[in-house]
Amino acid sequence: MDSLGRTGAVTCWAVLVSLWLSTAVSAQPATRGLSAPQLDLSLTLLTDGSVDVRETITFDFREKTFTEVDREISLRRFDDVIDVRASMDGQVRIRRGRTLRVTWKFPKTIDRSRTFTLEYRAMGALALATGRASLEWFLLPSQHRYPIGQARVTWTVPKSAVRLGRPTVEDDRWSLESLADGWLATRANIGVNETAVLHDTFEMASLAVATPQWQVNEDYAEQMAPAFIIGAGTLFVMALGVVAMTMFRFYRPSVELETVIPASADSLPPALGTALLAPAPAVGGPQLQATLLDLARRNVLQIRDAHDGAADSTPSYEIAMHEPGPLRPHEEVLTDALWLHMKNGIIGLAAAQPLLLKALPAFRRAVRSELVQDGMVDADRQWAARAMNVSSAVVTALGLAGLLLFRVMFGHLGNLPLLLPASVVVAGVMFLIAGQSMSVWSQRGVSTAASWRARRTLLKGELRSSWDGKAGEMWWPAGAGFELAGKMLKVSRSAGEGQAVPAWLSHMDDPSAALATIIVATTVQPSSGGASGGGVSGGGSSGAH
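Everything numeric in this text was worked out from a predicted model, so none of it was measured. (Residues numbered from 1 in each chain as written. Predicted model: local features only at pLDDT ≥ 70, side-chain atom pairs only at ≥ 80, totals over all residues. Heavy atoms only, no water.)

Visitor: I'd like a description of the overall build of the chain, backed by residues and values.
Guide: Within the chain, the secondary structure is distributed over 12 helices and 20 strands. Out of the 545 residues belonging to the chain, those deemed buried represent 48%. With the model as given, the accessible surface of the chain reaches about 26,100 Å², and the carbon-plus-sulfur share is 57%. (Helix = DSSP H or I, 4+ residues; strand = E, 2+ residues; numbered from the N terminus. Buried < 20%, exposed > 50% of the residue type's maximum accessible area, 1.4 Å probe, protein only. Areas by Shrake-Rupley, 256 points an atom, 1.4 Å probe, with all protein chains shown as cover.)

Visitor: Can you break down the pattern of salt bridges residue by residue, with the values?
Guide: A full pass over the atoms with the stated rule returns 23 salt bridges. Residue Glu 136 is joined to Arg 77 by a salt bridge in which the shortest nitrogen-to-oxygen separation is 3.0 Å. Of this pair, Glu 136 sits in strand E9 (residues 132-138) while Arg 77 sits in the loop between strand E3 (66-74) and strand E4 (80-87), placing them 59 residues apart in sequence. With respect to burial, Glu 136 and Arg 77 carry one shared label: buried. The residue Asp 266 makes a salt bridge to Arg 297 at a minimum N-O spacing of 3.2 Å. (Salt bridge = Lys/Arg side-chain N within 4 Å of Asp/Glu carboxyl O.)

Visitor: Which residues make up helix H8 (residues 419-437), and what values do they have?
Guide: Since the α-helix advances by 3.6 residues per turn, residues separated by three or four positions end up pointing in the same direction. Compared with the 27 Å implied by 1.5 Å per residue over 19 residues, the 27 Å span of H8 between its first and last C-alpha is a close match. All of the buried residues in H8 are Leu 420, Pro 421, Ser 423, Val 425, Ala 427, Gly 428, Met 430, Phe 431, Ala 434 and Gly 435. (Expected span 1.5 Å × (residues − 1).)

Visitor: I'd love a proper account of the side chain of Asp 70, names of residues and values included.
Guide: With respect to the secondary-structure elements, Asp 70 resides in strand E3. Under the relative-accessibility criterion, Asp 70 is labelled buried at 11%. Separated by 3.1 Å, the side chains of Asp 70 and Thr 103 make a polar contact. Beyond its immediate chain neighbours, meaning those up to four positions away, Asp 70 contacts Arg 101, Val 102, Thr 103, Ser 541, Ser 542, Gly 543 and His 545. (Polar contact = N/O pair within 3.5 Å; in protein donor to acceptor, adjacent residues only side chain to side chain. Contact = heavy atoms within 4.5 Å.)

Visitor: Give a description of the sheet that holds E3 that names residues and reports values.
Guide: Taken in spatial order, the 5 strands of this open sheet run E5-E6-E3-E20-E10, and their pairing is mixed. Every other strand in the sheet has two partners, leaving strand E5 (91-96) and strand E10 (143-144) as the edge strands with one partner each. Bridge analysis of E3 against strand E20 (residues 541-544) gives 4 bridges, and the strand direction is antiparallel. Looking at the pairing, Arg 71 lines up with Ser 542 of E20. (Pairing = 2+ DSSP bridges.)

Visitor: Kindly report on unusual backbone geometry, identifying the contributing residues and their values.
Guide: Despite not being glycine, Asn 189 has its phi angle at roughly 55 degrees, a positive value. Tracing the sequence through the fold places Asn 189 in strand E14 (residues 182-190). What makes Asn 189 exposed here is its relative accessible area of 65%. Notably, Glu 483 is not glycine yet its phi reads approximately 65 degrees, a positive angle. With respect to the element layout, Glu 483 can be found in the loop between helix H10 (476-481) and helix H11 (485-494). Judged by its relative accessible area of 60%, Glu 483 is exposed.

Visitor: Report on the nonpolar core, specifying residues and quantitative values.
Guide: In terms of nonpolar packing, the biggest core is built from 68 residues, with Ile 319, Leu 338, Leu 371 and Trp 452 touching the most fellow members. The element best represented in this core is helix H6 (residues 349-373), accounting for 10 residues. For Ile 319, the contacting residues outside a window of four places in its chain are Leu 292, Leu 301, Gln 302, Ile 303, Leu 338, Met 342, Gly 345, Ile 346, Ile 347, Leu 349 and Ala 352. Listed in part, the 53 residues of the second largest apolar core include Ala 36, Val 102, Tyr 120 and Leu 126. (Core = buried A, V, L, I, M, F, W, Y, C linked by side-chain atoms within 4.5 Å.)

Visitor: Mind laying out the pairing of strand E11 (residues 148-156), listing which residues take part and the relevant values?
Guide: Along a regular strand, successive side chains alternate from one face of the sheet to the other. In this structure, strand E1 (residues 34-45) lies alongside E11, joined through 8 bridges in parallel fashion. Bridge pairing in E11 links Thr 44 to Thr 156. With 8 bridges connecting them, E11 and E14 associate as antiparallel partners. Note that in E14 the partner of Ile 148 across the bridge is Ile 190.

Visitor: Describe the environment of Pro 417, naming the residues involved and giving the relevant values.
Guide: Structurally, the position occupied by Pro 417 is in the loop between helix H7 (379-410) and H8. Pro 417 sits 192 residues away from Ala 225 along the chain, and the two C-alpha atoms are 7.9 Å apart. Apart from residues no more than four positions distant in its own chain, Pro 417 is found in contact with Phe 228, Phe 406 and Phe 410.

Visitor: I'd like to hear about the sheet that holds strand E17 (residues 317-320), residue by residue, with values.
Guide: Strand pairing in a sheet relies on backbone hydrogen bonds, with the paired strands running either antiparallel or parallel. With antiparallel pairing, the 3 strands of this open sheet are ordered in space as E16-E17-E18. Two strands close off the open sheet at either side, each with one partner strand: strand E16 (302-305) and strand E18 (346-348). For this sheet, the mean angle separating the axes of adjacent strands, direction not counted, is 30 degrees. Strand direction decides the pairing type here: E16 and E17, joined by 4 bridges, are antiparallel. Across the sheet, the residue bridging to Asp 305 is Tyr 317, located in E17. (Axes fitted to C-alpha atoms, helices over the stretch in contact; angles between N-to-C directions.)

Visitor: So what about the packing of aromatic side chains? Which residues, and what values?
Guide: Within the structure shown, the criterion is met by 12 aromatic pairs. The rings of Phe 59, Phe 61, Phe 66, Trp 104, Phe 106, Phe 116 and Tyr 146 are connected pair by pair, giving a single aromatic cluster. Between the NZ or CZ atom of Arg 249 and the centre of the ring of Phe 250, over which it lies, the distance is 4.5 Å. (Phe/Tyr/Trp six-rings, centres within 6.5 Å; stacked < 30°, edge-to-face > 60°. Lys NZ or Arg CZ within 6 Å of the ring centre and 35° of its normal.)

This is the structure:
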């Protein structure tokens, strides 16, 4: 493809993208109280291919107070912007980066008009190809959330410039009038985000122009596009292959719950059984709450009313416990956290809550350790999942660093080079998904997890139909681990006074209210383990607030 063909293809894509963006943003409502009764744009082409620009816009500020006007211009199709001047009876701030951004600040204004002027020279505004010099320019900001009453555009060219055809505006609603050294375009009643593109072409020999650097970069980016695309695709396929091989290596058919016998209440401590439901041990507040209720069910500790002698005092509760004997390690973490702060074997429920939260990390480690000791965790699968998670962090960090580095090194070539580091970031996300979704359970762990999953399904079904609080009181601890304790309390209350709470809380003055308080007080934060193209000059955005 020759240079003209490449430039034409780039321009075609740029216009298509611009039209799509224009359609997308046109649905935005106009800024309330803001309108522009008059916009004047003067474009003067110089023989060196630069364009002198003067934008003048008058805003009407109504209905609300305005203090600032913004104008942003893309510099993608310019080599440079010089001689930038902005005027108004207020402060003006000019910032230059990948865009030229001008901000006018002024005193609070309402029910008044103000006029703003911006002047600059755009260097290297013409694209060159096969003896032609072409210009494409947005006549209005491509994003403006205000209507424009009247727009007037003058386009002036040097007398030496030889045109190859008549200049055109893509929108037929613009009225064109020839001038001695250019032309005039006008249009009234322009809606939000409506714009139009000016096209003009000249004999390159009639102007003293050289190929602009942005076009050189654009052509080079187009030549390098296959390399960037192939490189990004190769990295993506390699990452996909690593994930596929890992998942294939550790593939295990899922267990159908219909064929599984639901777990019995004492087959495992509820903290361990309910931690099996995720691909990796999920240990957090629900498991800690389940352990506390299970210890109360087994009378290792007692939850009881704390009477202070006042008849109308707010109900309060306390935990009483004799020096605990041998328990499971995760249970000892909980009892030790409470015992060290008990006075005469008693601690208030409110005082116990922060202690439980503080003990959660040690509790989590103990549960995970017991699952390993009980043969529920496959060491190889756990290593593979951990390797995927670590690889995800490393690869994602490298990809993000690459995005910054490539932006600095290859930013002049557009966004296409960013495909390479972006594919590295995508690879990191794929590794994360694989690591988080990979089951670490051994064959024994899988079958045990399936039985506890079946018990949860059965329990949820019973809560929707015929839950018997007395018959099912052994499942209160596990229900807390399943995060169903609140639902169980609600259903048991509706079944009648005798069904409200388990028998091991029946000694309390108001067992139902006490259990609700216990559930809330022992709920701590859960935590689980485990193609470069050219654009059209001008355009940008304009607005006020």
